Amino acid sequence: MAKWWLLLLSGLLTGPLPGHAQPAGPARSVSADCGSKAYQDSLVARYIDRGAEKYGYLDPRWAQYCDSLIARCPNIAVAYQHKAVPLVKDGKWEEAFALEDKAVALDPRTWLAYRGFLKVIKTKDYAGGLVDFQQAARLNPKGREMDHTYPFFEGLCHLETRQYAQAEGDFKRDIALQKASSAEANVHFNSLFYLGVLYFEMKKYALAEQYLQQCLQQYAQHPDANYYLALTYRAEGREAAARQCLTFAQECLAKGYQLNEDNIVYENYPHQITAYEVQQALHQ
């Protein structure tokens, strides 16, 4: 009788309290089922979909749920990518990219282009970003990242490193891929914008004007396109038209218009202008 009572007491002390949910702590050992996609999906649903994302990346439980998933199955790429999110937002790049690299190693088709996006837009590592997007394109030629084709980001890399001939080819492939995917869809206005910027830098002003005007036909309040169109007009000696575009760009910025790209609230995109630059151009 005494032995039975001790066993019952031990169970009460070590078991979960009635009415209290168990926290998602790290598992004690890696499951033998980690090679099963169905099992992996069930863990992602539990620890990510109904766990980390329930609280958001600002909550410490976000990382705890990711750690729990990694402890349970260390071969699930999304666990590492999600664990990197708060580090990316805080600019802790060494720690963030160590996790992103792990995600890419486990699932390059899904995460290689995302790592390239971080390099191009966040850290301005254009050489590294170019390699990532070129490799991603070999894995998935029609892939997209943040609503853009991979050649779009390759074009940004080449534009920012002044490799203009390569950038021209990239942006034209980007536009061709968009047209091939849907004959009725418009080409993304920022594809047209960056091709216009490229031609402005190449001093091909007629082509710069053509693409910047096409961008503005879709998004008239695009402050950056109005600014570069103004510079194009000025280079052609059309000062009145240039000042009109600069004034409008200034008004658009004051009203909150911008490039309208993913993550633009966190980082400046290549060639993104500021109110100061517009003001300086108006005073020239």
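Each residue is numbered by its place in its chain's sequence as written, counting from 1. Local features in a predicted model are, by the rule used here, given only for residues with pLDDT of at least 70; side-chain atom pairs are given and counted only at 80 or more, and totals for whole chains, interfaces and linings are based on all residues. For the side-chain quantities, the full set of heavy atoms in the structure was used; hydrogens and water were omitted.

Student: Honestly, the pattern of salt bridges in this entry has me stumped. Any pointers?
Tutor: Between side chains of opposite charge, a pair can form when the charged atoms approach closely. In what follows, salt bridge is the name for a side-chain nitrogen of Lys or Arg lying within 4 Å of a carboxyl oxygen of Asp or Glu. Considering all chains together, one arrives at 13 salt bridges under this definition. Where Arg-173 meets Asp-170, a salt bridge forms, and the shortest distance between an N and an O atom there is 2.7 Å. Taken as a pair, Arg-173 and Asp-170 lie in helix H9 (residues 164-181) at a separation of three residues, close to a single helical turn. Only protein chains enter the accessibility calculation, which uses a 1.4 Å probe. A residue is then buried if its area is under 20% of the maximum for its type, exposed if over 50%, and partly exposed in between. Among the residues examined, Arg-173 registers a relative accessible area of 39% and is labelled partly exposed. Two residues, Arg-238 and Glu-209, come together in a salt bridge whose shortest N-O distance is 3.2 Å. Of this pair, Arg-238 sits in the loop between helix H12 (223-235) and helix H13 (239-254) while Glu-209 sits in helix H11 (residues 205-218); the two residues are 29 residues apart in sequence, bridging distant segments of the chain. A relative accessible area of 36% places Arg-238 in the partly exposed class. Strands here mean DSSP runs of E at least two residues long; helices mean DSSP runs of H or I at least four residues long; both are numbered from the N terminus.

Student: Any chance you could explain the packing of H13 against helix H14 (residues 275-282) here in plain terms?
Tutor: Each pair of packed helices can be described by the angle between their axes along with the distance between the axes. Between H13 and H14, the shortest axis-to-axis distance is 10 Å and the interhelical angle comes to 155°. As judged from the angle between their axes, H13 and H14 are roughly antiparallel. As H13 runs across H14, the sense of the crossing is left-handed. Across the interface between the two elements, Arg-243, Leu-246, Thr-247, Gln-250 and Leu-253 of H13 pack against Ala-275, Val-278, Gln-279, Ala-281 and Leu-282 of H14. Under the convention adopted here, Pro, Cys and the residues Ala, Val, Leu, Ile, Met, Phe, Trp and Tyr are nonpolar, Asp, Glu, Lys and Arg are charged, and Gly plus all remaining residues are polar. Across the contact of H13 with H14, the residue classes break down as six nonpolar, three polar and one charged. Fitted lines through C-alpha atoms serve as axes, helices being fitted only where they are in contact, and the angles separating the N-to-C directions of these axes extend from 0 to 180 degrees. Orientation is classified from the angle alone, with under 35 degrees giving roughly parallel, over 145 giving roughly antiparallel, 65 to 115 giving roughly perpendicular, and any other angle giving oblique. Crossing chirality is assigned from the near helix's rotation relative to the far helix, an anticlockwise turn below a right angle marking it left-handed and a clockwise turn marking it right-handed. Contact criterion: two residues are considered in contact whenever any of their non-hydrogen atoms come within 4.5 Å of each other.

Student: Which parts of the structure should I look at to understand the side chain of Asn-226?
Tutor: Position of Asn-226 relative to the elements: it lies in helix H12. Between N or O atoms, a polar contact is any pair within 3.5 Å; within protein, one atom must be a potential hydrogen donor and the other a potential acceptor, and residues adjacent in sequence are included only when both atoms are from side chains. A polar side-chain atom of Asn-226 sits 3.1 Å from the main-chain carbonyl oxygen of Ala-220. The residues contacting Asn-226, other than those within four sequence positions of it, are Leu-216, Ala-220, Gln-221, Cys-245, Phe-248 and Ala-249.

Student: Hey, could you run me through the state of the cysteines in this one?
Tutor: A covalent bond between the sulfur atoms of two cysteines is referred to as a disulfide. In this description, a disulfide is simply a cysteine sulfur pair whose atoms lie within 2.5 Å. Per the stated rule, a full pass over the model turns up one disulfide. Across a sulfur-sulfur distance of 1.9 Å, Cys-34 and Cys-73 are joined as a disulfide pair. Taking the sign of the torsion about the S-S bond as the criterion, the disulfide between Cys-34 and Cys-73, at about -95°, is left-handed. Pair noted here: Cys-34 is in the loop between helix H1 (2-14) and helix H2 (37-55) and Cys-73 is in the loop between helix H3 (60-72) and helix H4 (77-89), with a separation of 39 residues, a long-range link. Of the two residues examined, Cys-34 and Cys-73, each falls in the buried class.

Student: Explain the packing of aromatic side chains to me, please; I cannot follow it from the model alone.
Tutor: Any pair of Phe, Tyr and Trp rings, taking the six-membered ring for Trp, is counted once the centres come within 6.5 Å. Such a pair is stacked with planes under 30 degrees apart, edge-to-face with planes over 60 apart, and tilted for the rest. For the structure on display, the rule yields 20 aromatic pairs. Taken together, a centroid distance of 5.8 Å and an interplanar angle of 50° make the contact between Phe-133 and Tyr-150 tilted. On the criterion of sequence distance, the pair formed by Phe-133 in helix H7 (residues 126-139) and Tyr-150 in helix H8 (residues 150-160) is long-range, its members being 17 residues apart. When its relative accessible area of 3% is taken as the criterion, Tyr-150 is described as buried. Taking 5.3 Å as the distance between ring centres and 85° as the angle between the ring planes, the aromatic pair formed by Phe-152 and Phe-153 counts as edge-to-face. Geometrically, a lysine NZ or arginine CZ counts as sitting over a ring once it is within 6 Å of the ring centre and also within 35 degrees of the ring normal. Of note, Lys-102 hangs over the ring of Tyr-80, and the distance from its end group to the ring centre comes to 5.8 Å.

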